[in-house]
Structure formats: structure tokens, C-alpha cells
Amino acid sequence: KAGVTQTPRYLIKTRGQQVTLSCSPISGHRSVSWYQQTPGQGLQFLFEYFSETQRNKGNFPGRFSGRQFSNSRSEMNVSTLELGDSALYLCASSLGSRVTEAFFGQGTRLTVV
Amino acid sequence: AQSVTQLGSHVSVSEGALVLLRCNYSSSVPPYLFWYVQYPNQGLQLLLKYTSAATLVKGINGFEAEFKKSETSFHLTKPSAHMSDAAEYFCAVSDNAGNMLTFGGGTRLMVKP
């Protein structure tokens, strides 16, 4: 069974641009969460979706947004990129409505120059 | 809000020695506790999880963790370290609703030959 797939693996963007990251969860999983990982702040929760509804959002500015489609695939978007947005963005999927076991993708490494 | 503290950002052990990675959570008992491992340029892999079924939890690769409510701890141990255990380890707790994870700062484990 395929794991969580994140595309692209690597991205380089310029300040002020916007970016869209994609996450395909494990087949049958309905919950998708996003996390930002940086050396300074560690792993921080961005948002979580279940059945196309955002149930929880972390403490990030409105430039960070996401959505989930009917097939459970999810995208996150960052507008007006800043240098500080450079990070590894991780997506995790879970089977049910509670995170009893989250499976992570390999992440998308975003570099903002 | 839940919080997690991992004591020691770096731990170094000799091959064959005991591995002990420390994790303390905030005073309210979370529904679930987890340990994840991350290898360079990879996502997070679940080592083990506590879901209140048993206080001593066994995971993959010979790791185990014991939930101690009186000490608000969930330390990770392995009797004998292997070179392949060198990685970064994260302790995480779920929120009460069970749909987001809060991570500790991580502990980088180094294994000396």
C-alpha cells in the first residue's frame, strides 16, 4: 500500500511569490495534517482537515492556507513568501477522525531566496 | 494547551550501550503519546504510541517507552544501541480532541562505534 506522497520534494522560490504544496494521503485515510519544520522553531502544527473540513489551525499568519478535496488529497498554499518561510513542510494522514496513528510523507523542502 | 519537553537536544552513546531519551508532557494527561524517528532528509516514522491500553509500550526496532503519570513522563529506551539508530527522535502528544500533534524539540542521538 502506497504511503503518504508529497510533491514536489524540493522547491526554490523568490520572496513575494506564492507556492502550492500537494499531499496525497494513504488510500482510505480521511484526515490530513500539515506541519512546518525549521531548525529554530522545530515542528509546528499548521492545520488539519477531515472530510474536506478544516478542524484545527495553528498559530500561523493568514498567508498560510490549505484545503482538502473530496478524494482526501490536500494542498497548502503560502502567499507572499518570506525568507522565514524556508522550511521542511510535512504532511501526515490518519485513518479516522482522531490522530491515533499519523503517517508522514517525506516532506517538501521549500527554500525562499 | 498541551506541551512537550525533551531533555537533551543531543545524546551520545556507544554502540551496545543503553539508549534513554527523555520526554515530559504537560500536567493534563493527553489522549495519546507518540515517539517518532526522523532520518536525514526524511519524514517522520512512528516508533511507538501510548493509547492508555498499557503503560509499557513496545515499538519497532527494539524501542520501548513507559508511561508514568506520576512523573508526567514517557521516556524512550533501547537496551543496546546500534549504529543505525543514529537519527533525531521526537516525542509528541495529541490534543484532547485527538486531531493535532504537539511535538517536543527533538533529541539527536549519536552512536559511537
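Structure first, text after, so check above.
Residues numbered from 1 in each chain as written. Chains lettered and ligands numbered in written order. Predicted model: local features only at pLDDT ≥ 70, side-chain atom pairs only at ≥ 80, totals over all residues. Heavy atoms only, no water.

A. Focus on the state of the cysteines. Inspection of the entire model under this criterion finds two disulfides over all chains. Here Cys23 of chain A is linked by a disulfide to Cys91 of chain A, with a sulfur-sulfur distance of 1.7 Å. For the disulfide bridge between Cys23 of chain A and Cys91 of chain A, the dihedral angle about the S-S bond is near -55°, and by the sign convention the bridge is left-handed. Here the residue Cys23 of chain A occupies a position in strand β3 (residues 19–24), and Cys91 of chain A occupies one in strand β9 (residues 87–94), the gap between them amounting to 68 residues. An identical accessibility class is assigned to Cys23 of chain A and Cys91 of chain A; each is buried. Sulfur-sulfur distance for the disulfide between Cys23 of chain B and Cys91 of chain B comes to 1.9 Å. (Disulfide = S-S within 2.5 Å. Helix = DSSP H or I, 4+ residues; strand = E, 2+ residues; numbered from the N terminus. Buried < 20%, exposed > 50% of the residue type's maximum accessible area, 1.4 Å probe, protein only.)

B. Up close: the pattern of salt bridges. Residues and elements named next belong to chain A. Counted by the stated rule, this structure contains nine salt bridges over all chains. In this structure, the salt-bridge partner of Glu82 is Arg63, at a minimum N-O distance of 3.6 Å. With Glu82 in the loop between β8 (74–78) and β9 and Arg63 in the loop between β6 (53–57) and β7 (64–68), this residue pair connects regions lying 19 residues apart in the sequence. Salt-bridge contacts for Glu75 lead to Arg73; the nearest nitrogen and oxygen are separated by 3.3 Å. (Salt bridge = Lys/Arg side-chain N within 4 Å of Asp/Glu carboxyl O.)

C. Expanded view of the packing of aromatic side chains. Throughout the structure, instances matching the rule amount to 15 aromatic pairs over all chains. Residues Tyr35 of chain A and Phe104 of chain A carry aromatic rings whose centres are separated by 5.8 Å and whose planes lie at 50° to one another, so their mutual orientation is tilted. Separated by 69 residues along the polypeptide, Tyr35 of chain A in strand β4 (residues 31–38) and Phe104 of chain A in strand β10 (residues 103–104) bring together distant segments of the chain. A relative accessible area of 1% places Tyr35 of chain A in the buried class. When the centroid spacing of 6.2 Å and the interplanar angle of 70° are considered together, the rings of Phe104 of chain A and Phe103 of chain B count as edge-to-face. Linking Phe104 of chain A in strand β10 with Phe103 of chain B in strand β11 (residues 101–103), this pair reaches from one chain into another. Given the relative accessible area of 8%, Phe103 of chain B is considered buried. (Phe/Tyr/Trp six-rings, centres within 6.5 Å; stacked < 30°, edge-to-face > 60°.)

D. Spatial organisation of the interface of chain B and chain A. With 20 residues of chain B in contact, the opposing surface of chain A contributes 21 residues. Buried surface at the junction of chain B and chain A, summed over both partners, amounts to about 1800 Å²; 49% is from carbon and sulfur atoms. The interface formed by chain B and chain A contains one salt bridge. For Glu101 of chain A, the salt bridge identified is with Lys49 of chain B, shortest N-O distance 3.0 Å. The interface formed by chain B and chain A contains six residue pairs in polar contact (both at pLDDT 80 or more). (Contact = heavy atoms within 4.5 Å. Buried area = accessible area lost by both parts, 1.4 Å probe. Polar contact = N/O pair within 3.5 Å; in protein donor to acceptor, adjacent residues only side chain to side chain.)

E. The pairing of β8 of chain A, seen in detail. All names here are of chain A. Along β8, five of the five residues are buried, which leaves the element largely enclosed by surrounding structure. Inspection of the sheet shows β3 paired to β8 by five bridges, in the antiparallel sense. Residue pairing for β8: Ser22 is matched across the bridge by Glu75. In this sheet, β8 lies alongside β7 in antiparallel orientation, the contact comprising five bridges. From the neighbouring strand, Arg67 faces β8, where its bridge partner is Glu75. Hairpin connection, β7 to β8: the antiparallel pair is bridged by five residues, and Ser72 has positive phi, about 75°. (Pairing = 2+ DSSP bridges.)

Limitation: the analysis is restricted to geometry and does not speak to function.
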